[in-house]
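# Topology and contacts: notes
Chain by chain, the residues:
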There are 2 protein chains.
Amino acid sequence: MFNMCLLYVPYFILPFIKGAQLLVKPLVKEDGGKIDGNQNLYLVGASHLRLLLGAETVGLVKECNDNSMRTFTYSSRNTFKDFAEDNHDFLTMAERQYIIKHELENLRAKDERMIPGYPQAKLYPGKSIMRRLMTSGILLQIFPLHDTEELKKLWYTWCGQVKISYQPLDEIRCYFGETIALYFGFLEYFTFALVPMALIGIPYYVFAWEDYDKYVMFASFNLLWSTVILEVWKRCCAIMTYRWGTLLMKRQFEEPRPGFHGVLGINPVTGKEEPVYSSIKRQIRIYLVSLPFVCLCLYFSLYVMMIYFELETWALDFHEENESYFSKLMLFLPSIIYAIVIEMMNRVYRYAAEFLTSWENHRLESSHQNHLILKVLVFNFLNCFASLFYIAFVLFDMKLLRQSLATLLITSQILNQFVEALLPYWLQKRHNKKVKKRVYSIKVDTDLSLFEQVNLEKEMGTYLGTFDDYLELFLQFGYVSLFSCVYPLAAVFAVLNNITEMYFDALKMCRVFKRPFSQPTANIGVWQLAFETMSVISVVTNCALIGLSPQVNALFPDSKTDLILIVVLAEHILLALKFVMAFVIPDKPRDIQIKLARLEFESLEALKQQITLQKLQEGEQEEASEFLKKETCYKKGE
Amino acid sequence: MFNMCLLYVPYFILPFIKGAQLLVKPLVKEDGGKIDGNQNLYLVGASHLRLLLGAETVGLVKECNDNSMRTFTYSSRNTFKDFAEDNHDFLTMAERQYIIKHELENLRAKDERMIPGYPQAKLYPGKSIMRRLMTSGILLQIFPLHDTEELKKLWYTWCGQVKISYQPLDEIRCYFGETIALYFGFLEYFTFALVPMALIGIPYYVFAWEDYDKYVMFASFNLLWSTVILEVWKRCCAIMTYRWGTLLMKRQFEEPRPGFHGVLGINPVTGKEEPVYSSIKRQIRIYLVSLPFVCLCLYFSLYVMMIYFELETWALDFHEENESYFSKLMLFLPSIIYAIVIEMMNRVYRYAAEFLTSWENHRLESSHQNHLILKVLVFNFLNCFASLFYIAFVLFDMKLLRQSLATLLITSQILNQFVEALLPYWLQKRHNKKVKKRVYSIKVDTDLSLFEQVNLEKEMGTYLGTFDDYLELFLQFGYVSLFSCVYPLAAVFAVLNNITEMYFDALKMCRVFKRPFSQPTANIGVWQLAFETMSVISVVTNCALIGLSPQVNALFPDSKTDLILIVVLAEHILLALKFVMAFVIPDKPRDIQIKLARLEFESLEALKQQITLQKLQEGEQEEASEFLKKETCYKKGE
């Protein structure tokens, strides 16, 4: 029942929450006295009926008895599969959580008033109270609580057994919501998609194949394969999100993001008074500040790269001067240092990009996210791959390229898993022990396990969304595909990494972070575009690499011109083929297309009937037919 | 009132038409006796009220008093701009025509019955009667009548005055509907967009500039310009169709196209019984018959091209042997013959493509059209441009390329305007005289001018849609942009051609063909994609041409490799720039975006209110609050 936790809420908001017919209770019973500052900790929940009504408000799509997916309405509730008045599992945990959050965010002030006890914060009519409380720092936290029983079950099916199996995506979706389930779905799909590349790549390593025709074959397969997997993913994604109902969910009207500020004005869309910020000012900030800053960062990243190459030559000289086992190890040192520096720069830049994007003051969360992703992607791409491009196309040193690629890929993978999951997990565990001790020391007349749980979870870190996880996969895809014809083994490492990644990400979700808010989503959004762009770039780089390879050059001893022309021609044909394939492969499987068409047809039919009904009700029909009768009489008389 | 004409309708359908509350009357009064087979000629119309109700059924979008665009409903009629019960011009002529056609097509048989007098034709319940009559050849024609008064006015503002002005697009839209108005809008926009290219191109001809840097500048300008104009067109198109209301119009559910056949089965979308045709069979027909046939045609077209080149060398030899004024003229002959042959092949292939696409038996008109357009585009592209590609990239003969380009462009333009408009106009005029004579010879007791008009119009040709007109523009765009750096004057010819084209197309619409059915549309559809593809291809060709030019080659006397690499690099940068520009320029202007967002917001708000209302009506609210009360009691008791 109570699956959302509010931290440090002023008392005055409780009537609002109750007014929205949500259930709310203090974590510590009111007669328990003031203990450890926990007095302002409330649990929020909703009754089954309230959740059903909320499901209609947010427009959830559920499966009907006839296996079609329909928007849930309370009045038609009995037509839905598994619906029973007493079946409290009809809505998944993630859906319940989403509904309660939606209702909380939609608590709106009726009149202009001060928040009692906080003279600096004022409420305006029609504005979300929760957002106001969050932005003025009165409400410290709001987060969904874990359901320990369900979490244990989920963890067991997910990672508990030592056997190779698919991830329980449907269960993940029920517990964490669609965004996170879709990430794990993509991770799994992507890993499977890499397996053929890895399998083909292994013999290149084992037999040390160096024939050019084999490399060309591998690269061509790679390029077409990467197009196919990205197109097929769209279909898989449609199948999954159709089953989950989010493919059909109508987009809700987007509220301004919490951090958005501006002078009060009339919003041209809603016609209501709200902060507005001139689009021209934002454009100026984007093009005159953010863009130059990003360019500066890119320049800096290139500068660091040049330092790396100086280190590299220094290490080589050192190795040549005093050849020893130690000097051989030293050869790898610059690459490893560079990989670590890259990771650090990526992280620092990430903060800068977040700050800049916030400062650009985008009105909508989606636009904010897109600008942030664009900034981060461009920088990370250059930061990670610039040195490889430099080695490949300026130094023409394929051996060094292979070595650098391997070092970068492996170091960044190890580093990532350590920084992302293992380190926080270890810190968390230590911290938990402390908190537990403190909790047990407080003797309090309340449900101790719940009390402990809330106190543990409120100290946990917040999961900042799937951004970093997708970014990691994106860069991995770059390592695998950009220079695939030089280092076929990259796919093998990627597959190995992804298998452990799945485990560590699951650990992160279940054990390290607070339970994240669930968010319905129908696709992986801008990442699809990012991966597709990467696969286009990889066509160019692979063709160029093949053109540079000595074996191919040996085929055209007389005329380099012919070689280049053939390579360019091949590249253009491959690119054209990619676009044709992307065009020919339908984005949705046929049966989903039919189902969607049927829904559209039904809604059109319903609309028609509604119009007829309305007319009948309003007596228009009579009026109309009378009018027509008169006209006919008039005609006859003519 | 009567603005639609049915030819040779069996009498039995009249009750159906009257049942749909449409007005219908015979052209010749029934006591006029049988004259010249005109007895089965009926005029169909609708009263103002019927049209308004129909406008709601088809979902027309009209402007409101507050300048916003909204879907018309009869009950809210008074909120719309210019609405008055007696204002019969509230709906445009094209809209009235569209409504009546829609209502006629929606006359559906109630039960299975034979058509009296036609034992071979049978009606099925729920099937469109009109379509059945058309496909079984019982209903010979159905076409909208011209409104002679309005047509005269339109013609005067359109082409009547000898002065340079914009086309009266809004008037064209009122008379002919959105599809045709959008074509003329695109033609005008495209012509204006070509003017800068033409202006920059003229000095190249006048001063005989041959410097490579000037050509590079021209080509670069051209490439970016063509991207910009295609992106800006989307915005212009959105502005126009927003004003016309079609941007907001909901897509109607598509019925199977008239020619579609199959065995009776259950349509998985509608759940109704109708002919179904297996998708696999269609795929087999497409890939095993159509595709090979198209390839064969392409091969044949290349074969004809080779013959042309033999003729060309023969003419050259002839000129060298006996140099004379005649032999100099003979030099142009092969190109002219080839241009004519190309036109003929295009037209013949067009019929074959139409036949094949019909045979592929697509269920929807839109899918039929897309397959037809794809077939025709590929063939026409190769047929028109193969010789130019051959000259440019196999023969490396820039002079011949320029000459061929000029001949092809000018010949095809002259030929087109002659075949498309002038010839039919002349034939039509001769034919009209005959018909008039015959009409006057019949002494009949009826409205002679209307009688004459119907008899004239029923003999006119049918306008087959904007396909050929767009195709002509598409090929022209190819001539202008693919080899623009070789022949900057092409844009000048294109502009001149388009100015006369506008006049001839207007002539065609108003004088030569039957009045076409109006069709609401929100954009130029697949043609946008076709033009964009052409502009991508033109980047490749222009870069290659610049790389081939002797001036550029002279800059790199030692290393051809460097030259090619630089050209390829430039090409890739240009292509990337194009994609970035296409991505950055928003498809809709900001104010239209805001208006659309406002409408969406309003409809969401309305939906919310509706849900609340419904709940109140159904007494759910009481039930709900009672349930909640009980729950609260239960909680308190806990």
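Residues numbered from 1 in each chain as written. Chains lettered and ligands numbered in written order. Predicted model: local features only at pLDDT ≥ 70, side-chain atom pairs only at ≥ 80, totals over all residues. Heavy atoms only, no water.

### Digging into the overall build of chain A
So the rule is basically this: Comment: elements are numbered from the N terminus, with helices defined as DSSP H or I runs of at least four residues and strands as E runs of at least two. Relative accessibility thresholds used throughout: buried, under 20% of the residue-type maximum; exposed, over 50%; partly exposed, between the two (1.4 Å probe, protein chains only). By definition in these notes, contact holds between two residues if any of their heavy atoms fall within 4.5 Å. Each accessible area is a Shrake-Rupley result for a 1.4 Å probe, and residues are judged covered by the shown protein chains and nothing else. When charges are counted, Lys and Arg are positive and Asp and Glu negative, with His and the chain ends excluded. For the purpose of locating charges, the reference atoms are NZ of Lys, CZ of Arg, CG of Asp and CD of Glu.
A count of helices and strands for chain A gives 20 helices and ten strands. The principal-axis extents of the C-alpha atoms in chain A amount to approximately 95 × 90 × 55 Å. Here chain A holds 638 residues, and 49% of them are scored as buried. In chain A, once contacts between residues fewer than 6 apart in sequence are set aside, the share between residues at least 24 apart is 73%. Approximately 31500 Å² of chain A is accessible, and the part contributed by carbon and sulfur atoms is 63%. Averaging the coordinates of the 65 positive side-chain charges in chain A and doing the same for the 68 negative ones gives two points 6 Å apart.

### Observations regarding unusual backbone geometry
Residue and element names in this part refer to chain B. Even without being glycine, Gln21 reaches a positive phi, approximately 60°. Take Gln21: it is sitting in the loop between α1 (14-19) and β2 (23-26). Residues other than glycine seldom take positive phi values, yet Asn67 does so here, at roughly 70°. Looking at the element boundaries, Asn67 is found in the loop between β4 (61-63) and β5 (69-71).

### Digging into the UniProt feature "transmembrane region" (unreviewed entry) in chain A
Residue and element names in this part refer to chain A. Under the convention used in this document: UniProt positions are given in the numbering used here, feature names are shortened, and annotations may be inferred rather than shown by experiment.
Here the UniProt-annotated "transmembrane region" (unreviewed entry) positions come out as residues 189-209, 215-233, 286-309, 329-349, 372-393, 473-496 and 563-585. For residues 329-349, the end-to-end C-alpha separation is 30 Å, with 100% helix and 0% strand making up the annotated structure. This span, residues 473-496, is 71% helix and 0% strand, and a straight line between its end C-alpha atoms measures 13 Å.

### Looking at helix α6 (residues 169-176) of chain B
Those residues of α6 of chain B that fall on the buried side of the exposure criterion are Leu169, Ile172, Arg173, Tyr175 and Phe176 of chain B. Remark: Gly177 of chain B follows α6 of chain B within two positions and exhibits a positive phi of approximately 95°.

### Overview of the confidence of the model for chain A
Residues and elements named next belong to chain A. We count it as follows: For every residue, the predictor reports its confidence as pLDDT, a number between 0 and 100.
Across chain A, the average pLDDT comes to 83, with 91% of residues at 70 or higher. When mean pLDDT is compared element by element in chain A, helix α6 (residues 169-176) scores highest at 92, while helix α20 (residues 620-637) scores lowest at 50. Here residues 31-35 is modelled with pLDDT under 50, and outside its nearest four sequence neighbours on either side it reaches three contacts, counting other chains as well. The low-confidence segment residues 631-638, where pLDDT is below 50, has three contacts with residues more than four positions distant or belonging to other chains.

### Describing the packing of aromatic side chains
Remark: the centre distance and the inter-plane angle together describe each pair of aromatic rings, the angle taken between the planes. The criterion, for reference: To pair, rings of Phe, Tyr and Trp, with the six-membered ring standing in for Trp, must have centres within 6.5 Å; the planes then decide the type, stacked if under 30 degrees apart, edge-to-face if over 60, and tilted in the middle. Two conditions define a charge located above a ring, namely a distance within 6 Å from the ring centre to NZ of Lys or CZ of Arg, and an angle within 35 degrees of the ring normal.
According to the stated counting rule, one finds 77 aromatic pairs over all chains in the structure shown. A ring pair is formed by Tyr463 of chain A and Phe513 of chain A, whose centres lie 5.9 Å apart and whose planes are at 45°; its orientation type is tilted. One end of the pair, Tyr463 of chain A, is in the loop between α13 (448-458) and α14 (467-482); the other, Phe513 of chain A, is in the loop between α15 (490-512) and α16 (526-548), and 50 residues separate them in sequence. Here Tyr463 of chain A matches Phe513 of chain A in class, with each residue buried. Between the aromatic rings of Phe190 of chain B and Phe531 of chain B, the centroid separation amounts to 5.9 Å while the plane-to-plane angle is 75°, which identifies the pairing as edge-to-face. Taken together, the residues Phe190 of chain B in helix α7 (residues 178-206) and Phe531 of chain B in helix α16 (residues 526-548) connect sequence positions 341 residues apart. With respect to burial, Phe190 of chain B and Phe531 of chain B carry one shared label: buried. The ring of Trp155 of chain A carries the charged tip of Arg511 of chain A above its face, separated from the ring centre by 4.5 Å.

### Quick look at the pattern of salt bridges
Residue and element names in this part refer to chain A. Our working definition: Definition used for salt bridges: Asp or Glu carboxyl oxygen within 4 Å of a side-chain nitrogen of Lys or Arg.
The final tally for this structure, using the stated rule, is 44 salt bridges over all chains. A salt bridge links Lys81 to Glu63, with the shortest nitrogen-to-oxygen separation between them at 3.7 Å. Of this pair, Lys81 sits in the loop between β5 (69-71) and α3 (93-105) while Glu63 sits in strand β4 (residues 61-63), placing them 18 residues apart in sequence. For Lys81, a relative accessible area of 34% puts it in the partly exposed group. A salt bridge links Glu95 to Arg173, with the shortest nitrogen-to-oxygen separation between them at 3.0 Å. Residue Glu95 is located in helix α3, and its partner Arg173 is located in helix α6; the two are separated by 78 residues in the primary sequence.

### A short note on the pairing of strand β7 (residues 118-123) of chain B
Residue and element names in this part refer to chain B. Note the threshold: A pair of strands is treated as paired once DSSP finds two or more bridges between them.
Where strand β6 (residues 113-115) and β7 come together, three bridges link them in antiparallel fashion. Bridge pairing in β7 places Met114 opposite Lys122. Adjacent in sequence and paired antiparallel, β6 and β7 are bridged by two residues, among which Gly117 carries a positive phi angle near 90°.

### Thoughts on a negative patch on the surface
Note the threshold: Put simply, a patch holds well-exposed residues, over 30% relative accessible area, that have no salt bridge, with like charges counted together within 9 Å and Val, Leu, Ile, Met, Phe, Trp or Tyr side chains within 5 Å.
Residues Asp317, Glu320, Glu321 and Glu323 of chain A make up a contiguous surface patch of negative charge. Relative to the assigned elements, Glu321 of chain A resides in helix α9 (residues 279-321).

### Remarks on the side chain of His146 of chain A
Mapped onto the secondary structure, His146 of chain A falls in the loop between β8 (141-144) and α5 (148-160). Excluding residues within four positions of it along the chain, His146 of chain A makes contact with Leu151, Tyr175, Phe176, Gln453, Glu457, Met509, Cys510, Phe513, Lys514 and Arg515 of chain A.

### Details of the packing of helix α10 (residues 325-360) of chain B against helix α11 (residues 365-395) of chain B
Two measures define how a pair of helices packs: the angle their axes make with one another and the distance between the axes. Residue and element names in this part refer to chain B. This is how it is decided: Structural elements are reduced to axes, namely lines fitted to C-alpha atoms, with helices fitted over the stretch in contact, and the angle between N-to-C directions of any two is expressed from 0 to 180 degrees. For classification purposes, an angle smaller than 35 degrees is called roughly parallel, one larger than 145 roughly antiparallel, one from 65 to 115 roughly perpendicular, and anything else oblique. Take the far helix as your reference; a near helix turned counterclockwise from it by less than a right angle gives a left-handed crossing, and one turned clockwise gives a right-handed crossing. Each residue gets one of three labels, nonpolar for Ala, Val, Leu, Ile, Met, Phe, Trp, Tyr, Cys and Pro, charged for Asp, Glu, Lys and Arg, and polar for the others, Gly among them.
The N-to-C vectors of α10 and α11 enclose an angle of 160°; their axes lie 9 Å apart at closest approach. The orientation of α10 relative to α11 falls into the category roughly antiparallel. In the packing of α10 onto α11, the handedness of the crossing is right-handed. Contact residues: Tyr338, Ile342, Met345, Asn346, Tyr349, Arg350, Ala353, Glu354, Leu356, Thr357, Ser358 and Glu360 in α10; His368, His371, Leu372, Lys375, Val376, Phe379, Asn380, Asn383, Cys384 and Ser387 in α11. In the contact of α10 with α11, the residues fall into ten nonpolar, eight polar and four charged.

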